[in-house]
Amino acid sequence: MGSVSLKIGDGTARFRRATICSSAVNLLMLLSVVATNIFALYAFTNPSAANQSHHHKNISLISEQVTLILREIASSQKKLAKMEKELLGYESIDLSRPNIASELKMFLQPHSLPLGKDSRTGITEMVASVGHSCEKSVDLLTQYMSYKVSGPCPDDWSLAQKLILRGCEPLPRRRCFAKSIPKVGLYPFPVSLWKPISDKVVSWSGLGCKSFECVNTKKSTRECAGCLDLASGNENQKFVKAKGKNDFVLDDVLALGGGGIRIGFDIGGGSGTFAARMAEKNVTVITSTLNIDAPFNEFIAARGLFPLFLSLDHRFPFYDNVFDIIRASSGLDVVGKPEKLEFLMFDVDRILRAGGLLWVDNFYCATEEKKKTLTRLIERFGYKKLKWVAGEKPDAYGSGKPEVYLSAVLQKPLRV
């Protein structure tokens, strides 16, 4: 095939021209290869009768093995896909169950993107944002999703609240029209902050009481004993006059913030009185609450304030470091393991800006251990204690037995 020489003297490489002998050898080798391939092709396509059966058996066996391997690969891929979806929560509810509402099936099924794969996120389909805990309440969820499409929604807000309290949130959207209530007799802002709310502007369905007079005669919670009575109750004195050493005056708390308080969040804020007092200071406050034994959300809205229908098991729908002040009373007393309180506190810390204030307002310490748990947890975050009072107050239910409460104003540190 010729030879190659490298002449080092002048620094250049030169190739010798191929000779007639080498060309003949090359041609002979090429013919050999072609002939070998032709004979191999003939032998494969035209086997003798003796070998034909043997070849067919081998090919059949190989085909079966390949088929089995492909089936195993397909099965493994399906299992991996299923595991991935279960981990991501895409298929946390078994839609093959009997008596599942058709609307629920339609909502939970993945829907392919109309233009295929999204280049930014990499997703190819949209899935329903329904919590994993809904799997434990499928019967209630099916009841919630049973309705006439484009018709009036069933009067079942209390059913939705049951699902929320069981951790099934966010709920599926429904294709029905919510019941409308005429909001007649609402006052303009800021007069609305302290005017009594009419019984007719709220929904009483699913509640034991059917009027605010009935609600105010009951002591449903420690924080809201008569808190819906804006006319003759003690609500208009809160945050203005201190009844005990655990009750902090609003002006004193705001002074600790150095004048940088503009927006706030009230966790479990009852009737919204904290937000009302802050509104008088030109500070915007969002109040999170549920309708436990009373129409708190509609009551707060009727005062011209911002209610948020939210359980504390839900991640707060706010970005990081946005609030100047967060107030929480016994709403921090989440039921369950201490880890639940820890999760909640980390989320509170997430949405509170550095230098912002966390006001723990009359947290009921049912036991000494609960007080220690909260104290240790607060110390883990490294907050500066601007004010800290632990003292006894008379039982809110009128038993005469003193109860221990913790009140504190804490400042979030700057972490780098």
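As shown above, the structure is provided for reference.
Residues numbered from 1 in each chain as written. Predicted model: local features only at pLDDT ≥ 70, side-chain atom pairs only at ≥ 80, totals over all residues. Heavy atoms only, no water.

**Notes on the overall build of the protein chain**
Here is the rule we go by: By the criteria applied, helices consist of DSSP H or I runs no shorter than four residues and strands consist of E runs no shorter than two, each listed in order from the N terminus. Relative accessibility under 20% of the residue-type maximum defines a buried residue, over 50% an exposed one, and the middle range a partly exposed one, all with a 1.4 Å probe and only protein chains included. Residue contacts follow a heavy-atom distance rule, with two residues in contact if any of their heavy atoms lie within 4.5 Å. Here the open area of atoms and residues is found with the Shrake-Rupley method and a 1.4 Å probe, where only the protein chains shown may cover a residue.
A tally of helices and strands in the protein chain yields 11 helices and 11 strands. Burial status across the protein chain gives 36% buried among its 416 residues. For the protein chain, long-range pairs separated by at least 24 residues make up 65% of all intrachain contacts whose partners lie at least 6 apart in sequence. With an accessible surface of roughly 25,400 Å², the protein chain has 58% of that area assigned to carbon and sulfur atoms.

**Regarding helix α8 (residues 273–280)**
In terms of residue burial, α8 counts as a mostly covered element, since 7 of its 8 residues are buried. Taken together, the buried positions of α8 are Thr 273, Phe 274, Ala 275, Ala 276, Arg 277, Met 278 and Ala 279. As for α8, its buried residues are in contact with α7 (250–256), β5 (263–267), β6 (284–289), β8 (323–328) and β9 (352–365). The first or second residue beyond α8 is Asn 282, which carries a positive phi of 60°.

**Examining the sheet that holds β6**
Strand pairing in a sheet relies on backbone hydrogen bonds. The paired strands run either parallel or antiparallel. Condition: A pair of strands is considered paired only if DSSP assigns at least 2 bridges between the two. Fitted lines through C-alpha atoms serve as axes, helices being fitted only where they are in contact, and the angles separating the N-to-C directions of these axes extend from 0 to 180 degrees.
Ordered in space as β7-β6-β5-β8-β9-β11-β10, the 7 strands form an open sheet in which the pairing is mixed. If you trace the sheet from one side to the other, it starts and ends with β7 (306–309) and β10 (384–394), each paired once. The sheet shows a mean angle of 15° between the axes of neighbouring strands, taken without regard to direction. When β9 meets strand β11 (residues 402–411), the two strands line up antiparallel, connected through 7 bridges. Residue pairing in the sheet places Tyr 364 in a bridge with Tyr 405 of β11.

**Some remarks on the nonpolar core**
The nonpolar side chains of a soluble globular protein tend to be buried, and buried together. Cut-off, in case you're wondering: Within this scheme, the nonpolar core is defined by two criteria: the residues are buried Ala, Val, Leu, Ile, Met, Phe, Trp, Tyr or Cys, and they are joined through side-chain atoms within 4.5 Å.
Among the nonpolar cores identified, the biggest contains 29 residues, and Phe 265, Phe 316, Phe 318, Ile 326, Leu 332, Met 345 and Leu 358 are the most heavily contacted of them. When residues of this core are traced back to their parent elements, those giving at least two are β5, β8, α10 (338–351), β9, α11 (368–381) and β11. In this structure, Leu 140, Leu 141, Leu 163 and Cys 176 belong to the second largest nonpolar core, which totals 23 residues.

**With respect to the pattern of salt bridges**
The following threshold applies: Here, a salt bridge means any side-chain nitrogen of Lys or Arg that lies within 4 Å of a carboxyl oxygen of Asp or Glu.
Counting across every chain of the model gives 15 salt bridges. For Glu 235, the salt bridge goes to Lys 238, with nearest N and O atoms at 4.0 Å. Exposure remark for Glu 235: the relative accessible area of 5% places this residue in the buried category. A salt bridge links Arg 380 to Glu 342; the shortest N-O distance between them is 3.0 Å. With Arg 380 in helix α11 and Glu 342 in helix α10, the pair connects residues that are 38 residues apart, well separated along the chain. The class of Glu 342 is partly exposed, set by a relative accessible area of 26%. A single network of salt bridges, built from pairs that share partners, joins Arg 262, Asp 324 and Arg 353.

**What to know about the state of the cysteines**
Selection criterion: The definition used for a disulfide is geometric: two cysteine sulfur atoms within 2.5 Å.
Per the counting criterion, the structure on display carries 3 disulfides. In this model, Cys 153 is linked to Cys 176 through a disulfide, with the two sulfur atoms separated by 2.0 Å. Every disulfide takes its handedness from the sign of the S-S torsion; for Cys 153 and Cys 176 that torsion is 95°, giving right-handed. In this pair, Cys 153 is assigned in the loop between α4 (138–144) and α5 (157–165) and Cys 176 in the loop between α5 and α6 (212–216), connecting sequence segments 23 residues apart. Note on Cys 176: relative accessible area 13%, which makes it buried.

**Looking at the pairing of β6**
Condition: By convention a crossover is right-handed if, when the strands point away from the viewer, the path from the first strand over the helix to the second runs clockwise.
Counted residue by residue, β6 has 5 buried out of 6 residues, so it is predominantly covered. Relative to β6, β5 runs parallel, the two being bridged by 5 bridges. By the bridge assignment for β6, Gly 264 is matched with Val 285. Chirality of the crossover, the property in question, places the unit of β5, α8 and β6 among those that are right-handed. Across 4 bridges, β6 lies against β7 in parallel orientation. From the neighbouring strand, Ser 288 faces β7, where its bridge partner is Leu 308. In this fold, β6 hands off to helix α9 (residues 296–302), which returns the chain to β7; that crossover is right-handed.

**A short note on the packing of aromatic side chains**
Cut-off, in case you're wondering: In this analysis, rings of Phe, Tyr and Trp, with Trp reduced to its six-membered ring, are considered paired at centre separations within 6.5 Å, and the interplanar angle assigns stacked below 30 degrees, edge-to-face beyond 60, and tilted for intermediate values. Two conditions define a charge sitting above a ring: the NZ of Lys or the CZ of Arg must be within 6 Å of the ring centre, and it must be within 35 degrees of the ring normal.
Applying the stated criterion to the full structure yields 13 aromatic pairs. Centroid distance Phe 274 to Trp 359: 5.7 Å. Interplanar angle 80°. Geometry classified as edge-to-face. Within this pair, whereas Phe 274 is found in helix α8, its partner Trp 359 is found in strand β9, the two being separated by 85 residues in sequence. Phe 274 gets classed as buried once you look at its relative accessible area, which sits at 1%. Residue Trp 359 is classed as buried on the basis of its relative accessible area of 0%. An aromatic cluster is built from Phe 239, Phe 248, Phe 274 and Trp 359, whose rings are joined through pairwise contacts. Over the aromatic face of Trp 388 sits the side chain of Lys 385, whose NZ or CZ is 4.2 Å from the ring centroid.

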